[in-house]
Amino acid sequence: MEYRRITGIVFSCIIIGCCRSDDTYVGKKIGELNSYHHQVGGDVYAVDETTFLIKNFMYDGNGGDTFFWAGSRPRPGPQGFIVPNELGRTNILDRYLNKDITLTLPDKKTIPEIKWLAVYDLSRLEAFGDIYIPEGFEPPQKIILNKLSSKTGEVKSGAVTIIDSKTIIIEDLSYDGTGNEVHFWVGVGPQPHSKGIKIPDEHGYMTPLGKYRKKTVVLELPGDLTVFTVDWLSLYDIQQEKVLGSIIIPEELNVPPSLVKVIPHENSMPNCEQLYKDFQVSWEVFGDQITMELAAQVGENDYVAFGMSGSQTKPEMIGGDVVVSFMEGYLGNLIDYNMSSYMPCTQLLGQHKGVCQDDKVGGTQDYQAFSSKREDGINIFTFRRRLTTPDTGDIPYPDTGEAMIIWALGTLDSIKKPTMHYAWSKVKQQLTFSRKATERKCFAFTRSDKPSLKRWPRFHLADPAAREFTARLGPDGGSRGYSAITQQYSDTGLAWYINGYLVPDVYIKRNTKYRFLVEGGSNPYDPRSYHPMIITDEPHGAYSQLSEDQQKEVRVLAGIGYSVRGDPRPLAAGRLCLWKHTQDGDRRKDVEFSTFERFRNSLMLQCGEGEAAVLEFTPNKS
């Protein structure tokens, strides 16, 4: 195999993600189909031990009783077995015209166990085309290497396994996380060095690595990179220019091709930075204005947020200033947001607080949209803004030095408002917008059909003797938790924990009084510390965020009283008791917990001063 043709010129091309082989690796070639009748033809590859790929397969479809057929006898004949077609079916073959198809041997049979694959007519006992498996043929399979080598002893691991051309697994990785700029790092050459390429971590983030404790890590090489175009993998400290642990990737690897689809994306901007596996930002500063492009691989109902941090030393959402962009069909939206709290925009004591559009808090919309489109699963927004605007709520884009930025990807709710993000800038990332030497450090997007995570089961509180429940707040549990259980998205990243369980079903009886001890916070000046409990017939919640007309459409069953003027007032707002992550915890990694019980045991319960509020509720026949 001739995959390691990399010169110094090609290496500089890899760094910015533009190097691409003309021949995409699809497996180990066996040969061409021998054609006898009915225009059978095509190139046959072994994808792995059980799978064939036939590229440009031809068959005119005029055979009478024709199937894909394989066997272990010396030549194709009646003693063989049907190989299901590319759809997994054993139907008589139709016409094929230069089609790429994948065939999987049935009943766990492997390619070395057979001697041929044929297009065979069972009624005529005749092969219309065939290919013979060479003696001693070794199909692609995963390769198990040694453990990471570490001269300093700062990194330890089990075996490193190359699963396919883009996937590497490090078993039992341990690292104390004390380095400031440690990343997974790949490159070419006999040994790791500073001119390598930073690759995303196991969750797709480009930020410095944290602590690992005997954890199995799955890495996907980004963009056009494959195990054939790199010579080594390491954990590398950029700041100290030190290799903490590494392994050499052998040449002439016989591994399966990756099923990851590479989606190139290019623009004319002089600067580009990959902030996350699925998100990149490009820009150009001209005079007192900055032109930017946000490109993100997100869902059709997702948003992309980018802007300046509320702190100059760390990524801080509170006090931040961002633009939220999303698509509505063919129409793009760019909305300027000001953030005074982690909560959705809520009117408390006559003022809007939380994540609010600028014009709701006395500001203006300062972004000028140029173009918006969705292309091959990627949302692309191009816009312009002045570096410094007259709006006092806007944070200037600095024309010198580094800027502390924040970004987020998330899902919109039913009224096109952003809910809690699923990917974001938890660790600091800085950009120099006015750098003199232009630099493009972005790579192509990649996409694969990964199986969805198994959700945590829905909990049921059905004790007929229970009359009292405790209501506290806690993390929503990411894609295994609240969103998977309810098919909705949390606006705040928080959800109710009833008797310690995440949003359970509570079974109650008519004409029986129940007490809820509510500990969701009672400070109306801080949206994050104010979560009264209200029982309604509306499934989403957030009653206080609804307009007056919307509130009239909601049937309130308990938890609301009315002032003399008829204004609704929550009744059950007790002290704040919050299940929260420990200092070492990370909301981005909540999906790693296979059960809710393990997840909750990783949290700590923190309660403020005061007492719980009591909400009494007696359901009747209505």
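Conventions we followed
Counting starts from 1 at the beginning of each chain's written sequence and moves along it residue by residue. Per-residue local features of the predicted model are confined to residues with pLDDT of at least 70, and side-chain atom pairs are confined, for both listing and counting, to 80 or more; whole-chain, interface and lining totals are unaffected and use all residues. Only heavy atoms go into the side-chain values, all of them from the structure, while hydrogens and water stay out. A helix here means a DSSP run of H or I that spans at least four residues, while a strand means a run of E at least two residues long, and both kinds are numbered starting from the N terminus. Categorising residues by exposure relies on relative accessible area from a 1.4 Å probe, with only protein chains included: less than 20% of the type maximum marks a residue as buried, more than 50% marks it as exposed, and the intermediate range marks it as partly exposed. In what follows, residue pairs with any heavy atoms lying within 4.5 Å of each other are defined as contacts. Here the positive residues are Lys and Arg and the negative ones are Asp and Glu; neither His nor the chain ends is included. By convention, the point assigned to a charge is CZ for Arg, NZ for Lys, CD for Glu and CG for Asp. UniProt positions are given in the numbering used here, feature names are shortened, and annotations may be inferred rather than shown by experiment. Here, the term nonpolar core denotes a set of buried Ala, Val, Leu, Ile, Met, Phe, Trp, Tyr and Cys residues that are joined through side-chain atoms within 4.5 Å. A pair of strands is considered paired only if DSSP assigns at least 2 bridges between the two. Only the stretch in contact is used when a helix axis is fitted, and all axes are lines through C-alpha atoms; the angle between N-to-C directions ranges over 0 to 180 degrees. Pairing of aromatic rings covers Phe, Tyr and Trp, the last through its six-membered ring, and needs centres within 6.5 Å; plane angles under 30 degrees mean stacked, over 60 mean edge-to-face, and all others mean tilted. Definition of a polar contact: a pair of N or O atoms within 3.5 Å, with one able to donate and the other able to accept a hydrogen when the atoms are protein atoms, and with sequence-neighbouring residues admitted only if both atoms are side-chain atoms. By convention in these notes, a salt bridge is any Lys or Arg side-chain nitrogen within 4 Å of a carboxyl oxygen on Asp or Glu.

Peer 1: Residues and numbers for the overall build of the chain, please.
Peer 2: Helices and strands together make up the secondary structure of the chain, namely four helices and 48 strands. By its C-alpha atoms, the chain is 95 × 65 × 50 Å across when sized along the principal axes. Across the 622 residues in the chain, those meeting the buried criterion constitute 50%. Excluding contacts between residues fewer than 6 apart, the proportion of contacts in the chain whose partners are at least 24 apart in sequence is 65%. The positive charge centre, built from 70 side chains, and the negative charge centre, built from 79, are 5 Å apart in the chain.

Peer 1: Now, about the UniProt feature "domain: DM13" (unreviewed entry) in the chain: what can you tell me, with residues and values included?
Peer 2: The sites that UniProt annotates as "domain: DM13" (unreviewed entry) are residues 27-134 and 141-250. Between the first and last C-alpha atoms of residues 27-134 the distance is 15 Å; the span itself is 0% helix and 49% strand. End-to-end, the C-alpha atoms of residues 141-250 are 14 Å apart, and along that stretch the chain is 0% helix and 48% strand.

Peer 1: I'd like a description of the nonpolar core, backed by residues and values.
Peer 2: Looking at soluble globular proteins, one finds that nonpolar side chains tend to be buried together. Ranked by internal contacts, the top residues of the largest apolar core, which has 43 residues, are Phe279, Met292, Phe306, Tyr397, Trp407, Leu409 and Phe433. In terms of residue count, strand β31 (residues 403-411) provides more of this core than any other element does, six residues in total. Not counting the four nearest positions on each side in its chain, phenylalanine 433 is found in contact with Trp283, Val285, Ile290, Met292, Phe306, Met308, Tyr397, Pro398, Ala403 and Ile405. By size, the runner-up hydrophobic cluster in this structure holds 31 residues, among which are Leu219, Val230, Ile247 and Leu253.

Peer 1: Before we move on, can you summarise the sheet that holds strand β6 (residues 81-83) with the specific residues and values?
Peer 2: Ordered by their spatial adjacency, five strands build an open sheet running β2-β9-β8-β5-β6, and the pairing between neighbours is antiparallel. Because the sheet does not close on itself, it has two edges, and the strands there are β2 (34-35) and β6. Relative to strand β9 (residues 126-132), strand β8 (residues 116-121) runs antiparallel, the two sharing six bridges. Of the residues in β9, the one forming a bridge with leucine 117 is isoleucine 131.

Peer 1: Can you tell me about the sheet that holds strand β7 (residues 96-104), naming the residues and giving the values?
Peer 2: Backbone-to-backbone hydrogen bonds pair the strands of a sheet. The strands run either parallel or antiparallel. Across the sheet, four strands lie side by side as β1-β3-β4-β7; this open sheet has antiparallel pairing. Of all the strands in the sheet, the pair left with one neighbour each is β1 (28-32) and β7. Averaged over all pairs of adjacent strands, the angle between their axes in this sheet comes to 15 degrees, without regard to strand direction. As judged from the four bridges shared by β1 and strand β3 (residues 41-46), these two strands associate in the antiparallel manner. Its bridge partner lying in β3, lysine 28 is registered against alanine 46.

Peer 1: Tell me about the packing of aromatic side chains, and please be specific about residues and values.
Peer 2: Summed over all chains, the structure comprises 24 aromatic pairs. With a centroid separation of 5.5 Å and an interplanar angle of 80 degrees, the aromatic rings of tryptophan 283 and phenylalanine 433 are classed as edge-to-face. With tryptophan 283 in strand β21 (residues 279-286) and phenylalanine 433 in the loop between β33 (430-431) and β34 (440-441), this pair connects stretches of sequence that are 150 residues apart. One exposure class covers both tryptophan 283 and phenylalanine 433, and it is buried. Through successive ring pairs, a cluster of aromatic residues spans Trp456, Phe459, Tyr497, Tyr501, Trp579, Phe593, Phe596 and Phe599.

Peer 1: Can you lay out the environment of threonine 446 for me, pointing to particular residues and giving the numbers?
Peer 2: Assignment of secondary structure puts threonine 446 in strand β35 (residues 445-447). Threonine 446 sits 223 residues away from glycine 223 along the chain, and the two C-alpha atoms are 6.3 Å apart. Beyond its immediate sequence surroundings of up to four residues, threonine 446 is in contact with Lys166, Glu220, Gly223, Val260, Lys261, Val262, Lys277, Asp278 and Gln297. At 2.7 Å, the side chain of threonine 446 forms a polar contact with the side chain of glutamate 220.

Peer 1: Let's hear about the side chain of arginine 600: which residues, and what values?
Peer 2: Assignment of secondary structure puts arginine 600 in helix α4 (residues 596-601). One buried charge, arginine 600, has no salt-bridge partner; the nearest side chain with opposite charge is glutamate 597, at 6.2 Å. Contact partners of arginine 600, with chain neighbours within four places excluded, come to Gly500, Tyr501 and Trp579.

Peer 1: Account for the pairing of strand β29 (residues 368-375), naming residues and giving values.
Peer 2: Across seven bridges, β29 lies against strand β30 (residues 378-386) in antiparallel orientation. Bridging across to β30, glutamine 368 finds its partner in arginine 384. Counted between consecutive antiparallel strands, the loop separating β29 from β30 contains two residues, among which aspartate 376 sits at a positive phi close to 55 degrees.

Peer 1: Outline unusual backbone geometry, listing residues and values.
Peer 2: A positive phi angle, close to 50 degrees, is found at asparagine 98, a residue other than glycine. Mapped onto the elements, asparagine 98 comes out in strand β7. You will see that valine 503, though not glycine, has its phi angle at about 30 degrees, which is positive. Within the secondary structure, valine 503 sits in the loop between β39 (501-502) and β40 (505-506).

Peer 1: Could you give an account of the environment of aspartate 567, naming the residues involved and the relevant values?
Peer 2: The topology assignment puts aspartate 567 in the loop between β44 (560-562) and β45 (568-570). C-alpha separation for the pair aspartate 567 and glutamate 548, spaced 19 residues apart in sequence, amounts to 9.4 Å. When sequence neighbours within four positions are dropped, the list of residues in contact with aspartate 567 reads Gly561 and Tyr562.

Peer 1: Give me the pattern of salt bridges: which residues, what numbers.
Peer 2: A side chain of one charge can pair with a side chain of the opposite charge when the charged atoms of the two come close. Applying the stated criterion to the full structure yields 24 salt bridges. We note a salt bridge from arginine 515 to glutamate 616, for which the minimum N-O separation is 3.8 Å. Here arginine 515, found in strand β41 (residues 514-519), pairs with glutamate 616, found in strand β48 (residues 613-617); they are 101 residues apart in sequence, far enough to count as distant. The network of salt bridges with common partners includes Glu468, Lys513, Arg515 and Glu616.

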